[in-house]
Amino acid sequence: THPKLHGVQHTVALFVLGVGYSVLHYALGLEEQLGPMWESYRMWMGIDPHLLLFTMLPILLTGDAMTIDTAVARRVASQCIYLAGPGVMFCSFASAFFLKFYLGWEFLLSLTVGSILSATDPVAVVSLLKQLGAAPSLTVQIAGESL
């Protein structure tokens, strides 16, 4: 890899490559010239989101739950509940008020975007915490809040 890109997370790099790929091919009109590659892309974009939700979510939740240290989880369970309930709700409404009054969006749209932005991405965060050698209680708090 390039030395400047060595610190970039894999998930971020894949996201940027995917968005770039889509924008490039839509902007240049290369859909028909890619053949099977474009057909594969079109099929993936046509998948019902519920299918991905109901097939991938149980696998991810089970995998996450299997790796949690139960002794630490018992100790930080109340903190996980506060983060998952009132913590996410507070962040959702704070983001919604910011978007409504700063950008002038409608409140329901602001609340929807605030709710999306307030949820944590436990896969990326927990893997980064493990790489950095963070305390196990912090890792379990993040994973437990998402579960």
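As the structure is a prediction and not an experimental result, all values here were calculated from the model.

Caption draft 1: Inspection of the confidence of the model for the protein chain at higher detail. The predicted model of the protein chain averages 82 in pLDDT, with 97% of residues at 70 or higher. Of all secondary-structure elements in the protein chain, the lowest mean pLDDT belongs to helix α7 (residues 122–132), at 75, while helix α6 (residues 107–118) reaches the highest, 90.

Caption draft 2: Region of the structure containing the packing of aromatic side chains. As enumerated under the stated definition, the model contains five aromatic pairs in all. Between the aromatic rings of F98 and Y102, the centroid separation amounts to 5.0 Å while the plane-to-plane angle is 15°, which identifies the pairing as stacked. With F98 and Y102 both in helix α5 (residues 77–103) and four residues apart, the pair spans about one turn of that helix. Taking the relative accessible area as the measure of exposure, F98 reaches 47% and is therefore partly exposed. You can call Y102 exposed: its relative accessible area is 61%. Here the aromatic cluster, defined as three or more aromatic residues joined through ring pairs, consists of F93, F97, F101 and F107. One Lys or Arg, K100, reaches over the ring of F101 and ends 5.9 Å from the middle of that ring.

Caption draft 3: Up close: the packing of α5 against α6. Here α5 crosses α6 at 135°, and the two axes come no closer than 7 Å. Our classification of the angle between α5 and α6 gives oblique. The handedness of the crossing between α5 and α6 is right-handed. Where α5 abuts α6, its residues V88, C91, S92, F93, S95, A96, F97, L99 and K100 lie against F107, S110, L111, V113, G114, S115 and S118. In terms of residue class, the contact of α5 with α6 is built from nine nonpolar, six polar and one charged.

Caption draft 4: Looking closely at the state of the cysteines. Applying the stated criterion across every chain yields a total of zero disulfides. Left without a disulfide partner, C80 is nearest to the cysteine sulfur of C91, which lies 15 Å away. Note on C91: relative accessible area 37%, which makes it partly exposed.

Caption draft 5: Focus on the nonpolar core. I68, V72, V76, C80, V126, L129, V140, I142 and A143 form the largest nonpolar core, which has nine residues in total. Here this core gets three residues from one element, more than from any other, and that element is helix α8 (residues 136–146). What V76 contacts, discounting residues up to four positions off in sequence, is S137, V140 and Q141.

Caption draft 6: The side chain of S118, seen in detail. Here S118 is to be found in helix α6. On the basis of relative accessibility, which here comes to 12%, the residue S118 falls in the buried class. Looking at S118, its side chain comes within polar contact range of the main-chain oxygen of G114, at 2.7 Å. Those residues within four positions of S118 in sequence are excluded, and the remaining contacts are V88, C91, S92 and S95.

Caption draft 7: A look at a nonpolar patch on the surface. Among the surface-exposed residues, L5, V8, V12, F15, V16, V19 and V23 lie close enough to one another that they form a single nonpolar patch of about 640 Å² accessible area. Take V8: it is sitting in the segment before α1 (10–28).

Here is what the cut-offs are and how they apply
Residues numbered from 1 in each chain as written. Predicted model: local features only at pLDDT ≥ 70, side-chain atom pairs only at ≥ 80, totals over all residues. Heavy atoms only, no water. pLDDT = per-residue confidence, 0-100. Helix = DSSP H or I, 4+ residues; strand = E, 2+ residues; numbered from the N terminus. Phe/Tyr/Trp six-rings, centres within 6.5 Å; stacked < 30°, edge-to-face > 60°. Buried < 20%, exposed > 50% of the residue type's maximum accessible area, 1.4 Å probe, protein only. Lys NZ or Arg CZ within 6 Å of the ring centre and 35° of its normal. Axes fitted to C-alpha atoms, helices over the stretch in contact; angles between N-to-C directions. Parallel < 35°, antiparallel > 145°, perpendicular 65-115°, else oblique. Left-handed = near helix turned anticlockwise from the far one by under 90°. Contact = heavy atoms within 4.5 Å. Nonpolar A, V, L, I, M, F, W, Y, C, P; charged D, E, K, R; others polar. Disulfide = S-S within 2.5 Å. Core = buried A, V, L, I, M, F, W, Y, C linked by side-chain atoms within 4.5 Å. Polar contact = N/O pair within 3.5 Å; in protein donor to acceptor, adjacent residues only side chain to side chain. Patch = residues over 30% accessible without salt bridge, like charges linked within 9 Å, V, L, I, M, F, W, Y side chains within 5 Å. Areas by Shrake-Rupley, 256 points an atom, 1.4 Å probe, with all protein chains shown as cover. Salt bridge = Lys/Arg side-chain N within 4 Å of Asp/Glu carboxyl O.

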